[in-house]
Amino acid sequence: GAVVSQHPSRVICKSGTSVKIECRSLDFQATTMFWYRQFPKQSLMLMATSNEGSKATYEQGVEKDKFLINHASLTLSTLTVTSAHPEDSSFYICSAREGDYTQYFGPGTRLTVL
Amino acid sequence: GESVGLHLPTLSVQEGDNSIINCAYSNSASDYFIWYKQESGKGPQFIIDIRSNMDKRQGQRVTVLLNKTVKHLSLQIAATQPGDSAVYFCAEFWASGTYKYIFGTGTRLKVLA
């Protein structure tokens, strides 16, 4: 299947700093990418849908000024957690859509905010 | 047997036995369903999918069953192996214009040697 990468895989930052996470589709073009958040022992919660060349669509309850999404090319979407706080510590996972139905997931990024 | 853990229900099976993991989905209009396997600290890995016009689909050692009447999905793993230990999620595809997946709560599968 298609490959999606994320960088970094782990990041530790101080409270108040911003962190950028990259999501790349390596062997296919993705007009749509998705960002999920996962807390320990819980399911994946969709945060936003990232569309190439247009604004992201955020799920209810997700602050768009807090979680900035940029999808500047068909193979790259970035999620920036601004002014991170300890409650933002989580596992962030992206996926890229190929065709109408299939999503391929990245390996995830573990964010720890001290 | 099944037990409810902190947040994830857990299914414990003996190595070599068959496993059945169940999922209830929410939207009767969903037309595509997927099972994912997630190992600790990793992203979800595709296992098998099924369209709503089918009620059964088989892969290598895995079978997915779809019962649209009661909105129920199941994943059967034959001859369960230690490497099958992971959390399994079902996802339904909700074509409401944003093409987003809605994930179920997940089930932790523990394979006992």
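Placed above this text is the structure.
Just so it is clear, the model here is predicted, and its values are computed rather than measured.

Parameters at a glance
Residues numbered from 1 in each chain as written. Chains lettered and ligands numbered in written order. Predicted model: local features only at pLDDT ≥ 70, side-chain atom pairs only at ≥ 80, totals over all residues. Heavy atoms only, no water. Contact = heavy atoms within 4.5 Å. Buried area = accessible area lost by both parts, 1.4 Å probe. Salt bridge = Lys/Arg side-chain N within 4 Å of Asp/Glu carboxyl O. Polar contact = N/O pair within 3.5 Å; in protein donor to acceptor, adjacent residues only side chain to side chain. Helix = DSSP H or I, 4+ residues; strand = E, 2+ residues; numbered from the N terminus. Nonpolar A, V, L, I, M, F, W, Y, C, P; charged D, E, K, R; others polar. Disulfide = S-S within 2.5 Å. Buried < 20%, exposed > 50% of the residue type's maximum accessible area, 1.4 Å probe, protein only. Pairing = 2+ DSSP bridges. Axes fitted to C-alpha atoms, helices over the stretch in contact; angles between N-to-C directions.

Caption draft 1: Focus on the interface of chain A and chain B. Taken together, the contact between chain A and chain B spans 21 residues of the former and 22 residues of the latter. When the buried surface of chain A facing chain B is broken down by residue, K41(A), Y101(A) and F105(A) rank first, second and third, together holding 35% of it. Of the charged contacts, one joins E59(A) and K100(B) as a salt bridge, the two residues approaching to 3.0 Å between their closest N and O atoms. The interface formed by chain A and chain B includes seven residue pairs in polar contact (both at pLDDT 80 or more). When contributions to the side of chain A that touches chain B are tallied by element, the ones reaching two or more residues are strand 4 (32-38), strand 5 (45-51), strand 9 (90-98) and strand 10 (102-105) of chain A. Residue composition of the side of chain A that touches chain B, grouped by class: 10 nonpolar, seven polar and four charged.

Caption draft 2: The state of the cysteines, seen in detail. Applying the stated criterion across every chain, the model contains two disulfides over all chains. Here C23(A) pairs with C94(A) through a disulfide, and the sulfurs are 2.0 Å apart. Sign of the S-S torsion, about 80° for the bond between C23(A) and C94(A), identifies this disulfide as right-handed. Remark: C94(A) occurs in strand 9 and C23(A) occurs in strand 3 (residues 19-25); sequence separation between them is 71 residues. Classification of C23(A) as buried rests on a relative accessible area of 0%. Assessed through its relative accessible area of 0%, C94(A) is described here as buried. A disulfide bridge connects C23(B) with C90(B), and the sulfur atoms are separated by 1.6 Å. Here C23(B), found in strand 3 (residues 19-24), pairs with C90(B), found in strand 9 (residues 86-94); they are 67 residues apart in sequence, far enough to count as distant. Summarising the burial analysis for this pair, C23(B) and C90(B) share the class buried. Considering cysteine sulfurs only, C94(A) is the nearest to C13(A), which forms no disulfide, with 18 Å between them. The class of C13(A) is buried, set by a relative accessible area of 9%.

Caption draft 3: Molecular detail of the pattern of salt bridges. All names here are of chain B. Going through the model one piece at a time under the given rule, you end up with seven salt bridges over all chains. Linking R57 and D49 is a salt bridge whose minimum nitrogen-to-oxygen distance equals 2.2 Å. Three or more residues joined by partner-sharing salt bridges are found here, namely K37, E39 and K42.

Caption draft 4: Structural view of unusual backbone geometry. Here the amide bond leading from H7(A) into P8(A) is cis, since omega sits at 0°, within 30 degrees of zero. Locating P8(A) in the fold gives a position in the loop between strand 1 (4-7) and strand 2 (10-13). Backbone geometry places R61(B), a non-glycine residue, at a positive phi of 70°. Structurally, R61(B) is set in the loop between strand 6 (56-58) and strand 7 (62-67).

Caption draft 5: Focus on the pairing of strand 8 (residues 72-77) of chain B. All names here are of chain B. In terms of strand pairing, strand 3 meets strand 8 through six bridges, oriented antiparallel. Residue pairing across strands places N22 opposite S74, the latter belonging to strand 8. The pairing of strand 7 with strand 8 spans six bridges and is antiparallel. Its bridge partner lying in strand 8, V62 is registered against I77. Following strand 7, the chain reverses through four residues before pairing antiparallel with strand 8; K71 in that reversal takes a positive phi of roughly 55°.

Caption draft 6: Geometry of the sheet that holds strand 3 of chain B. All names here are of chain B. On the basis of which strands lie adjacent, the open sheet formed by four strands has the order 3-8-7-6 and antiparallel pairing. What marks the edges here is a single partner per strand, and that holds for strand 3 and strand 6. If you compare each strand with its neighbour and ignore which way they point, the axes differ by 15° on average.

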